[in-house]
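# Examination of the molecular architecture
Chain residues, written in single-letter form:
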Amino acid sequence: MTVEAPTVPDRTRASAPSAPRRNRWARLTRIGLSVLSVLLGVLIWDLVSRNYTAFFLPSPRLTLEGAVELVRDGTLWDSVSASSTRILTGWLLGVLVGVPMGLLMGCIPWLRLMLDPYIQFFRFVPPIAFVTLAIIWLGPGEASKVALIFYTTVFIVALNTLAGVLSVNEIRMRAARALGAGPVRSLVSVVLPSTVPHVVTGARLAMGNSFLTIVSAEIVAAQSGLGSLIWTARNYAKTEWVFVGIIALGLLGYLFDWILRLVTGRTLRRYGVTF
Amino acid sequence: MTVDDTAPVPTRAGPPASRAGAPIRIRDVDISFGEFVAVRGASLDIAAGELVCLLGPSGCGKSTLLNAVAGFVRPAAGEVTCGDEQVTGPDVARGVVFQSAEALFPWLTVRQNVAFGPQMRGVPKAQRDAVVERYLAMVGLAHSAERFPDQLSGGMRQRAQLARVLANDPSVVLMDEPFGALDAQTRLVMQVELDRIWRETGATIVFVTHDIGEAILLGDRIVTMTAGPSAAIKKDYRCDLPRPRDLTDPACAALFRELREDIGAEVARTLRAQGLDDGHDGRPGTGHPGGERTEAR
């Protein structure tokens with residue numbers, strides 16, 4: 001027992017013993033470069049915008065003023081919260097349905113074969129194609145938007161989960177069976193935990209797609225939301241509002257993904273989720 | 001075996017208190033995968049509590065035969081019995097230690113991994129904890145119980161696998177080249193440990209290896225196999241040299257030479273078969289070195 005020296009029982013893997021200081025510097029450099037890059041981008045935007053009218057390309061300053069205006073009258077917050085609510089609801093429902101669906105498809109070959117034609121077919125039909133149908137069937141209210149987000153999420157999550165199930169190590173499954181785990185216990189105690197990284201990847205991809213979907217849906221039929229904000233800006237010839245909407249979308253998506261990575265990276269680390 | 005064993009063990013065959021090993025009978029077993037015949041006509045009797053090493057060159061079908069005993073593959077013909085029951089699938093009575101540490105559940109700590117089997121069998125918490133503690137101590141992992149498999153060395157992972165299997169109170173432990181991926185020093189330590197643990201538990205052990213030295217250090221019997229495909233049992237060596245054994249001991253060295261010759265003949269046969277296949281390569285459409293030609297030998 002002397003051969004294998006125990007190491008520090010610590011789940012966090014710092015790369016080297018003297019790493020903390022070097023890590024901090026590396027991190028500062030990384031953040032510094034990102035900030036520099038953004039500032040440069042805004043600068044270029046500003047320089048270019050001087051050659052055009054505010055209608056064609058509003059300057060960063062004008063855009064900022066537009067943002068302040070929209071924040072003051074509450075439009076921006078209403079739009080962000082309306083879009084966020086739709087995305088989160090549809091996405092959450094999609095994940096909740098997509099994961100069991102992928103698990104079952106992975107474990108029951110006949111179910112997989114039966115669902116496969118539908119999945120292969122609808123994979124290529126983007127949610128935008130369903131906007132009209134969703135409104136006809138579910139009305140112009142929240143349900144139609146949530147349903148579209150759900151639609152886009154459920155396939156991505158189910159397919160990723162399925163891929164995860166199919167790639168579960170056979171040795172691991174044999175070990176579970178030899179240890180007394182029946183089919184159901186194996187599914188819950190071995191297949192599901194093994195699949196977690198795939199599920200998280202699917203959920204992240206689906207989050208991105210949800211943003212694509214929500215904007216199209218809100219442009220076609222909504223009185224609120226960032227898509228609606230971008231679309232109505234046209235009526236007032238307020239191009240800077242379009243910019244505000246686009247920037248808000250980008251930041252919101254970044255924020256959601258960051259939270260998702262943070263939460264899953266913290267709570268699901270033992271399942272191999274690392275960011 | 002002395003651990004309290006009053007818990008209901010639903011899938012366990014035989015009397016609940018029988019901690020001693022179960023005998024294994026392999027009768028005229030054929031195992032094939034599609035057209036490919038991996039094992040043909042293998043027969044082997046293993047007494048209760050025996051430690052039998054299955055020795056053979058790589059790809060000779062020894063792991064396949066072990067998988068049939070484990071219940072992972074169904075023989076195309078013949079039968080495998082363990083105790084009084086015919087093997088029809090995996091069972092907690094037959095624990096399996098795999099070569100790959102992938103068999104451990106990486107999201108569970110060592111303690112949780114070891115507790116997995118008892119948990120699946122519905123052993124009450126208090127009793128489960130005692131069993132887990134006992135086997136963690138037996139394999140020398142008590143101090144690493146809260147660590148995750150990826151924080152362990154290769155040797156420690158195999159100890160964890162062994163503890164996890166033993167915690168299920170198996171009458172048979174099947175080991176598929178369990179030390180094959182370890183460095184030479186660690187392997188030596190593990191072999192000595194296994195020898196001790198086997199005597200403490202009294203389980204029947206079938207140990208697959210291609211390492212002649214390992215087989216001599218561990219086996220009551222060393223069973224060699226012919227080179228696959230269509231592998232069969234070749235020869236059965238009884239080895240009752242005193243334990244712990246030392247490979248430099250003249251008796252061990254003599255057995256080593258004998259086994260090396262035995263295995264060497266199988267390796268040579270495989271190479272000849274490949275050489276023969278090479279000779280056919282000039283002709284188009286001879287296909288890949290399948291079963292028929294090698295069966296003709």
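Residues numbered from 1 in each chain as written. Chains lettered and ligands numbered in written order. Predicted model: local features only at pLDDT ≥ 70, side-chain atom pairs only at ≥ 80, totals over all residues.

All right, on to the overall build of chain A then. Tallying secondary structure elements over chain A gives 10 helices and 0 strands in all. Tracing chain A from N to C terminus, the helices and strands come up as α-α-α-α-α-α-α-α-α-α. Its C-alpha atoms give chain A a radius of gyration of 24 Å, clearly above 19 Å, the size a compact globule of 275 residues would have. For chain A, the C-alpha atoms occupy an extent of roughly 75 × 60 × 30 Å along the three principal directions. Looking at chain A as a whole, 32% of its 275 residues are labelled buried. Considering only intrachain contacts with a sequence separation of at least 6, the fraction spanning at least 24 residues in chain A is 72%. (Helix = DSSP H or I, 4+ residues; strand = E, 2+ residues; numbered from the N terminus. Rg over C-alpha atoms; globule rule 2.2 N^0.38 Å. Buried ≥ 20, exposed ≤ 12 C-beta atoms within 10 Å, placed from the backbone. Contact = placed C-beta atoms within 7 Å.)

Looking only at helices and strands, chain B features 8 helices and 10 strands. Expressed as a percentage of its 297 residues, the buried residues of chain B come to 47%. Taking contacts inside chain B between residues at least 6 apart in sequence as the whole, the part at least 24 apart equals 72%.

This part takes up the interface of chain B and chain A. With 34 residues of chain B at the contact, the number on the chain A side is 22 residues. The set of elements that each furnish at least two residues to the side of chain B that touches chain A consists of β6 (94-97), α2 (110-120), α4 (154-166) and α5 (184-201) of chain B.

This next bit is on the sheet that holds strand β2 (residues 36-46) of chain B. Residue and element names in this part refer to chain B. The antiparallel open sheet is built from 4 strands, whose spatial order is β2-β1-β4-β5. Strands at the two margins of the open sheet, each flanked by one partner only, are β2 and β5 (85-86). Relative to β2, strand β1 (residues 24-33) runs antiparallel, the two being bridged by 7 bridges. Each bridged residue has a counterpart across the sheet, and for R25 the counterpart in β2 is D45. Helix α1 (residues 62-70) rests against β1, β2 and β4 (77-82) of the sheet, and its axis sits at about 115 degrees to β1. (Pairing = 2+ DSSP bridges. Axes fitted to C-alpha atoms, helices over the stretch in contact; angles between N-to-C directions.)

Moving on, we get to the packing of helix α5 (residues 131-138) of chain A against helix α6 (residues 142-166) of chain A. All names here are of chain A. The contact between α5 and α6 brings their axes to 8 Å, and the two run at 135 degrees. Between α5 and α6, the interaxial angle falls into the category oblique. At the point where α5 passes α6, the crossing takes the right-handed sense. Where α5 approaches α6, its residues V131, A134, I135 and L138 are matched on the opposing element by A143, S144, A147 and L148. (Parallel < 35°, antiparallel > 145°, perpendicular 65-115°, else oblique. Left-handed = near helix turned anticlockwise from the far one by under 90°.)

Residue and element names in this part refer to chain B. With 86% of its residues at a pLDDT of 70 or more, chain B shows a mean pLDDT of 85. Predicted confidence is poor over residues 1-18, with pLDDT under 50, and the contacts of this stretch with residues over four places away or in other chains come to 30 contacts. Counting contacts from residues 279-297, a segment whose pLDDT is below 50, to residues more than four positions away or on other chains yields 14 contacts. (pLDDT = per-residue confidence, 0-100.)

Before going further, it helps to examine α4(B). Residue and element names in this part refer to chain B. A rise of 1.5 Å per residue sets the reference length of α4, with its 13 residues, at 18 Å; its end C-alpha atoms lie 19 Å apart and thus fit the reference within 8%. Counting buried positions along α4 gives 12 out of 13 residues, so the element sits mostly inside the fold. Within α4, burial applies to G155, M156, R157, Q158, R159, A160, Q161, L162, A163, R164, V165 and L166. The secondary structure elements touched by the buried residues of α4 are β6, α2, α3 (125-138), β7 (172-176) and α5. (Expected span 1.5 Å × (residues − 1).)

Mean pLDDT over chain A stands at 89; residues scoring 70 or higher make up 93%. Across residues 1-17 of chain A, where pLDDT falls below 50, the model places 17 contacts with residues more than four positions away in sequence or in other chains.

All right, on to the sheet that holds strand β8 (residues 204-209) of chain B then. Residue and element names in this part refer to chain B. Within the open sheet, the 6 strands sit side by side as β6-β7-β8-β3-β9-β10. Their pairing is mixed. Each edge of the open sheet is held by one strand with a lone partner, namely β6 and β10 (233-238). Neighbour-to-neighbour, the strand axes of this sheet turn through a mean angle of 20 degrees, independent of strand direction. The sheet contact formed by β7 and β8 spans 5 bridges and is parallel.

This brings us to unusual backbone geometry. All names here are of chain B. Cis rather than trans, the peptide bond between R243 and P244 has omega equal to -10 degrees. For P244, the position within the fold is in the loop between β10 and α7 (250-280). Here D28, not a glycine, exhibits a phi torsion of approximately 45 degrees, which is positive. Counting through the fold element by element, D28 comes out in strand β1. For D28, a count of 12 C-beta atoms within 10 Å corresponds to the exposed category. The phi dihedral of E177 is positive, around 45 degrees, even though this residue is not glycine. Relative to the helices and strands, E177 is located in the loop between β7 and α5.

Residue and element names in this part refer to chain B. Running from amino to carboxyl end, α2 crosses α4 at an angle of 30 degrees, the nearest separation of the two axes being 7 Å. The orientation of α2 relative to α4 falls into the category roughly parallel. Of the two possible hands of crossing, α2 and α4 adopt the one that is right-handed. Contacts between α2 and α4 pair V110, N113, V114, F116 and G117 from the former with A160, A163 and R164 from the latter. Here the contact of α2 with α4 is built from residues that sort into 5 nonpolar, 2 polar and 1 charged. (Nonpolar A, V, L, I, M, F, W, Y, C, P; charged D, E, K, R; others polar.)

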